[in-house]
Amino acid sequence: VAALSAVGAACAVVDEDDVVVWASPGATAWGMVRAGRLADPALRRAAAEARAGAEAVEAEWLPKEARQRNLPVLLVIRAAPLVPGQTVVMAEDRSAARRIDDVRRDFVANVSHELKTPVAALTLLAEAVEDASDEPEAVRRFAARMGREVSRLSALVIELIDLSRLQGDAPLSHATVVPVDDLVSEALDAVRTRAGAQLIDLRATGEPGLSVFGDRDQLVMAVRNLLDNAINYSPERTRVVVAASLVGDMVEISVSDQGIGIPERDRQRIFERFYRVDPARSRATGGTGLGLSIVKHVCENHGGEVTVWSAEGAGSTFTLRLPAQVAQGPGVDAAEPAERGSR
Ligand code: ADP
């Protein structure tokens, strides 16, 4: 029994008549034991099975309380013979693991759907090309569409890889002091051609010389994703502005557009993976629905946050708020990793 106290799970030891001879505090808390007996038929059944056969018995169990109040709880019970005449029944809380499983299942279902759509389109287009092999004009048209589907597929694969890297165990293993001016200009360079094609006026303003501490690639990726969206969801001949400022001890980097805006009811959900206000529009611009969830992860990895302001039909502003890297005083080169370098 002393050894059982060391087991993390809730335990109850019963005799041959299901009378409890010992119970851990957890067993009482979960409602396994009531009035000195096993409280639930499922528990008594497990004990009886363990008594009948020598093997350990395992089953899922929903405590009555959780059932009545519809709580997302899942316990796994195990019963095994302890010493002659005594059986131990243990309950382990798997609720957290179950919730993670549910999220993962949704995610996998979404990924499969998103991957299947371009693959199905490619299959059809390949057949169409074959059928039209003596019509060069049609072949060219189908080939162009194949190219678009392929870029969608590769964008999706790249973003999935980015996202899984961000969720890795050591999110900031490559942290350094990053000058905000550098990361803004790197992100701007990455989208300049696309902005030009839409005659969008791309500008950077704000306070120069600010620094943040973090993973340079991740931060550039976050700003670039916001710029990508600003361009994607804006009409031609509009303006997109990136601005940096110091507010208290936080650096704010905002990306503003004069685009279609985001309806109020969608504003909370756009940071979820695969959530899109208008799936058709997002697909048309090569969107994957992953961009903003990547931005959110980057901010969380850096102890910051991302917020959105938007007015439908007028535009949107996304703001990254990251802890500022304070100047170290004279003589310290800002390009050197600071004292916190081993975070
Ligand atoms: P996507 O790849 O579809 O752009 P994101 O995760 O980057 O996915 O964004 C989620 C959704 O939020 C988009 O589908 C779009 O509906 C909306 N959205 C994001 N940025 C903007 C913006 N700047 N203006 C208007 N809508 C936006």
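Because the structure is a prediction, the values reported are computed rather than measured.

Draft legend 1. The arrangement of the site of the ligand in detail. Close contacts around the ligand come from 20 residues, with Tyr233, Asp257, Ser282, Thr288 and Gly289 the closest. At a separation of 2.8 Å, an oxygen atom of the ligand approaches a polar side-chain atom of asparagine 229. At 3.3 Å from an oxygen atom of the ligand is found a main-chain nitrogen or oxygen belonging to glycine 291. Within the complex, the protein chains bury 97% of what would otherwise be the 540 Å² of accessible surface of the ligand. At a threshold of 2 Å from the grid points, most atoms of the ligand map onto the largest pocket. Mapped onto the shell around the ligand, the elements with two or more residues apiece are helix H8 (216–232), helix H10 (291–301) and strand E14 (315–323).

Draft legend 2. Structural view of the sheet that holds strand E2 (residues 20–23). Spatially, E2-E1-E7-E6-E5 is the arrangement adopted by the five strands of the open sheet, whose pairing is antiparallel. Strand pairing shows two members of the sheet lacking a second neighbour, E2 and strand E5 (57–61), which therefore form its edges. Ignoring which end each strand starts from, the neighbouring axes of this sheet average 25 degrees apart. Sheet topology note: the strand E6 (residues 75–83)/strand E7 (residues 86–93) ladder contains eight bridges and is antiparallel. What sits directly across from isoleucine 77, in E7, is alanine 91. On the sheet, helix H3 (residues 41–52) packs against strand E1 (10–14), E5, E6 and E7 and is oriented at approximately 40 degrees with respect to E6.

Draft legend 3. Layout of the nonpolar core. Ranked by internal contacts, the top residues of the largest apolar core, which has 48 residues, are Val180, Leu183, Val212, Leu227, Ile253 and Leu320. Listing elements by their share of this core, those giving two or more residues are helix H5 (95–131), helix H6 (136–166), helix H7 (180–197), H8, strand E11 (239–247), strand E12 (250–256), H10 and E14. Those residues in contact with isoleucine 253 that sit more than four places away from it in its chain are Val180, Leu183, Val184, Val223, Val242, Ala243, Ala244, Phe318, Thr319, Leu320 and Leu322. Ala46, Ala50, Ala66 and Ile77 belong to the second-largest nonpolar core, a separate cluster that totals 22 residues.

Draft legend 4. Looking closely at empty space enclosed by the protein. Counted under the stated rule, the structure contains one cavity of 30 Å³ or more. By volume, the largest cavity amounts to about 70 Å³. Taken together, Glu114, Pro118, Arg152, Leu153, Leu156, Arg276, Arg283, Gly286, Gly287 and Thr288 make up the full set of residues lining the largest cavity. Looking at the lining of the largest cavity, the elements that each hand over two or more residues are H5 and H6. The biggest single contributor to the lining of the largest cavity is H6, with three residues. Grouping the constituent residues of the lining of the largest cavity by class yields three nonpolar, three polar and four charged.

Draft legend 5. Spotlight on the sheet that holds E14. Pairing is mixed in the open sheet, where five strands are placed in the order E9-E11-E12-E14-E13. Only two strands of the sheet have a single neighbouring strand rather than two, namely strand E9 (201–206) and strand E13 (305–311). Each strand of the sheet is rotated relative to its neighbour by a mean of 15 degrees, with strand direction disregarded. As defined by bridge partners, E12 adjoins E14 across seven bridges and the pair is classed as antiparallel. In the strand pairing of E14, valine 255 is matched with phenylalanine 318. Each of E9, E11, E12 and E14 is contacted by H8, which is oriented at about 170 degrees to E14, the strand it contacts most.

Draft legend 6. The packing of H6 against H10, seen in detail. At a closest axis distance of 10 Å, the pairing of H6 and H10 adopts a crossing angle of 20 degrees. Looking at the two axes, H6 sits roughly parallel to H10. The two elements H6 and H10 cross, and the hand of that crossing is left-handed. Taking contact as the criterion, the partners of Glu159, Asp162, Leu163 and Leu166 in H6 are, on H10, Gly291, Ser293, Ile294, His297, Val298 and Asn301. The residue inventory of the contact of H6 with H10, partitioned by class, reads four nonpolar, four polar and two charged.

Draft legend 7. Representation of the environment of aspartate 228. Tracing the sequence through the fold places aspartate 228 in helix H8. Classification of aspartate 228 by relative accessible area gives buried; the value is 19%. Considering only alpha carbons, one finds aspartate 228 and threonine 285, 57 residues apart in sequence, at a separation of 9.7 Å. Aspartate 228 has contacts with Val191 and Arg194, leaving out every residue within four places of it along the chain.

Draft legend 8. Summary view of the layout of surface pockets. The calculated volume of the largest pocket comes to roughly 780 Å³. If you trace the largest pocket, you find 36 residues lining it, with Asn229, Asn232, Tyr233, Ser282 and Gly287 closest to the centre. Breaking the lining of the largest pocket down by element, the ones donating at least two residues are H6, H7, H8, helix H9 (279–284), H10 and E14. Here the element with the most residues in the lining of the largest pocket is H8; it accounts for six residues. Its residues assigned to classes, the lining of the largest pocket shows 14 nonpolar, 13 polar and nine charged.

Reading the values: the criteria
- Within every chain, residues take consecutive numbers counted from 1 along the sequence as written.
- Residues qualify for local features only when their pLDDT is at least 70, as the model is predicted, and side-chain atom pairs are given and counted only at 80 or more; totals for whole chains, interfaces and linings, by contrast, use all residues.
- With hydrogens and water excluded, all non-hydrogen atoms of the structure serve as input to the side-chain values.
- Nearness here has a simple test: a residue counts as near a molecule or strand if at least one of its heavy atoms is within 4 Å of that partner.
- A 3.5 Å cut-off defines polar contacts: any pair of N or O atoms within that distance qualifies, except that in protein one atom must be a possible hydrogen donor and the other a possible acceptor, and neighbouring residues in sequence count only when both atoms are side-chain atoms.
- Areas reported as accessible are Shrake-Rupley estimates using a 1.4 Å probe. Residue values count occlusion only from the protein chains shown.
- Only protein atoms enter the 1 Å grid used here. Points where a 1.4 Å probe fits but cannot escape make up a cavity, open sets with protein on both sides within 12 Å along at least five of seven lines make up a pocket, and a residue lines them when an atom lies within 4 Å of a point.
- Think of it this way: a molecule belongs to a cavity or pocket when more than half its atoms come within 2 Å of the grid points there.
- Here a helix means four or more residues in a row that DSSP labels H or I, a strand means two or more in a row labelled E, and each is numbered from the N terminus.
- Pairing between strands is defined by DSSP: at least two bridges between them are needed.
- Note on geometry: axes are lines fitted to C-alpha atoms, helical ones only across the stretch in contact, with angles between N-to-C directions running from 0 to 180 degrees.
- Here a residue-residue contact requires only that any non-hydrogen atoms of the pair lie within 4.5 Å.
- Joining through side-chain atoms within 4.5 Å is the link that ties buried Ala, Val, Leu, Ile, Met, Phe, Trp, Tyr and Cys residues into a set, and such a set is a nonpolar core.
- Throughout this description, buried means an accessible area under 20% of the type-specific maximum (1.4 Å probe, protein chains only), exposed means over 50%, and partly exposed covers the range between.
- Grid points are joined across faces, edges and corners, and a volume is the space filled by probe spheres set on the points.
- For this classification, Asp, Glu, Lys and Arg are treated as charged, while Ala, Val, Leu, Ile, Met, Phe, Trp, Tyr, Cys and Pro are nonpolar and the rest, including Gly, are polar.
- Angle categories: roughly parallel below 35 degrees, roughly antiparallel above 145, roughly perpendicular from 65 to 115, and oblique for all the rest.
- Working rule for handedness: look at the near helix, and if it is turned counterclockwise from the far one by less than a right angle, call the crossing left-handed; if clockwise, right-handed.

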